[in-house]
Amino acid sequence: MSSPAITTVIKMMESLSEDVQDRVAEHLREYLEDLQDELKWDNSFKKTQQKLIVSAQRAKREIAEGLAKPMDYDKL
């Protein structure tokens, strides 16, 4: 069972030549793969967001208390 949007896209694609259909399908595959990757990243960030907030607050507090040291990028 497809949504009306999917049905419309399929009808539009059916009016194209087979070669163009293949090109559109390849673009859609690439787009969907990129979209899935973005969704995975979004999900990962949501899972770690609270930890990032706590770390940022700790860093801010350490800076305010004079406990932080400048980062030596040569040692990375």
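Whatever comes next refers back to the structure up there.
Residues numbered from 1 in each chain as written. Predicted model: local features only at pLDDT ≥ 70, side-chain atom pairs only at ≥ 80, totals over all residues. Heavy atoms only, no water.

*Asks:* Quick question: what am I supposed to make of the overall build of the chain here?
*Replies:* Assigned secondary structure in the chain consists of two helices and zero strands. Whereas a compact globule of 76 residues would reach a radius of gyration of roughly 11 Å, the chain reaches 24 Å, over 25% beyond that. For the chain, the C-alpha atoms occupy an extent of roughly 70 × 30 × 15 Å along the three principal directions. Put simply, the chain has 76 residues, and 1% of those count as buried. Of the roughly 7,500 Å² of accessible surface on the chain, 58% is carried by carbon and sulfur atoms. Looking at the chain, you have 12 positive and 15 negative side-chain charges, and the mean spots of the two groups are 13 Å apart. (Helix = DSSP H or I, 4+ residues; strand = E, 2+ residues; numbered from the N terminus. Rg over C-alpha atoms; globule rule 2.2 N^0.38 Å. Buried < 20%, exposed > 50% of the residue type's maximum accessible area, 1.4 Å probe, protein only. Areas by Shrake-Rupley, 256 points an atom, 1.4 Å probe, with all protein chains shown as cover. Lys, Arg positive; Asp, Glu negative; His and termini not counted. Charge placed at Lys NZ, Arg CZ, Asp CG, Glu CD.)

*Asks:* Can you help me understand helix 2 (residues 18-64) in this one?
*Replies:* An α-helical turn contains 3.6 residues, so a residue and the one three or four places further along point in the same direction. Across its 47 residues, helix 2 extends 65 Å between first and last C-alpha, which sits within 8% of the 69 Å expected from 1.5 Å per residue. Most pronounced at T48, the bend in helix 2 amounts to some 50°. (Expected span 1.5 Å × (residues − 1). Bend = angle between axes of the 7 residues up to and from the residue.)

*Asks:* How do you make sense of the pattern of salt bridges when you look at a structure like this?
*Replies:* If charged atoms from side chains of opposite charge come close, those side chains can pair. As enumerated under the stated definition, the model contains one salt bridge in all. Notably, a salt bridge pairs R29 with E26, separated by 3.0 Å at the nearest N-O pair. Of this pair, R29 and E26 both sit in helix 2, three residues apart, which is roughly one turn of that helix. In this structure R29 comes out as partly exposed when scored by relative accessible area, which is 45%. (Salt bridge = Lys/Arg side-chain N within 4 Å of Asp/Glu carboxyl O.)

*Asks:* Is there a simple way to think about a nonpolar patch on the surface in this case?
*Replies:* Among the surface-exposed residues, V9, L28, Y31, L32, L35 and L39 lie close enough to one another that they form a single nonpolar patch of about 540 Å² accessible area. Among the elements that make up the nonpolar patch, the one with the highest residue count is helix 2 (five residues). Checked against the element boundaries, Y31 lands in helix 2. (Patch = residues over 30% accessible without salt bridge, like charges linked within 9 Å, V, L, I, M, F, W, Y side chains within 5 Å.)

*Asks:* It is not clear to me how the environment of I53 should be interpreted in this structure. Could you clarify?
*Replies:* With respect to the helices and strands, I53 occurs in helix 2. With relative accessibility at 35%, the residue I53 sits in the partly exposed group.

*Asks:* Help me understand the environment of D22, please; the structure alone is not making it clear to me.
*Replies:* If you trace the backbone, D22 turns up in helix 2. Separated by 30 residues in the primary sequence, D22 and L52 place their C-alpha atoms 43 Å from one another.

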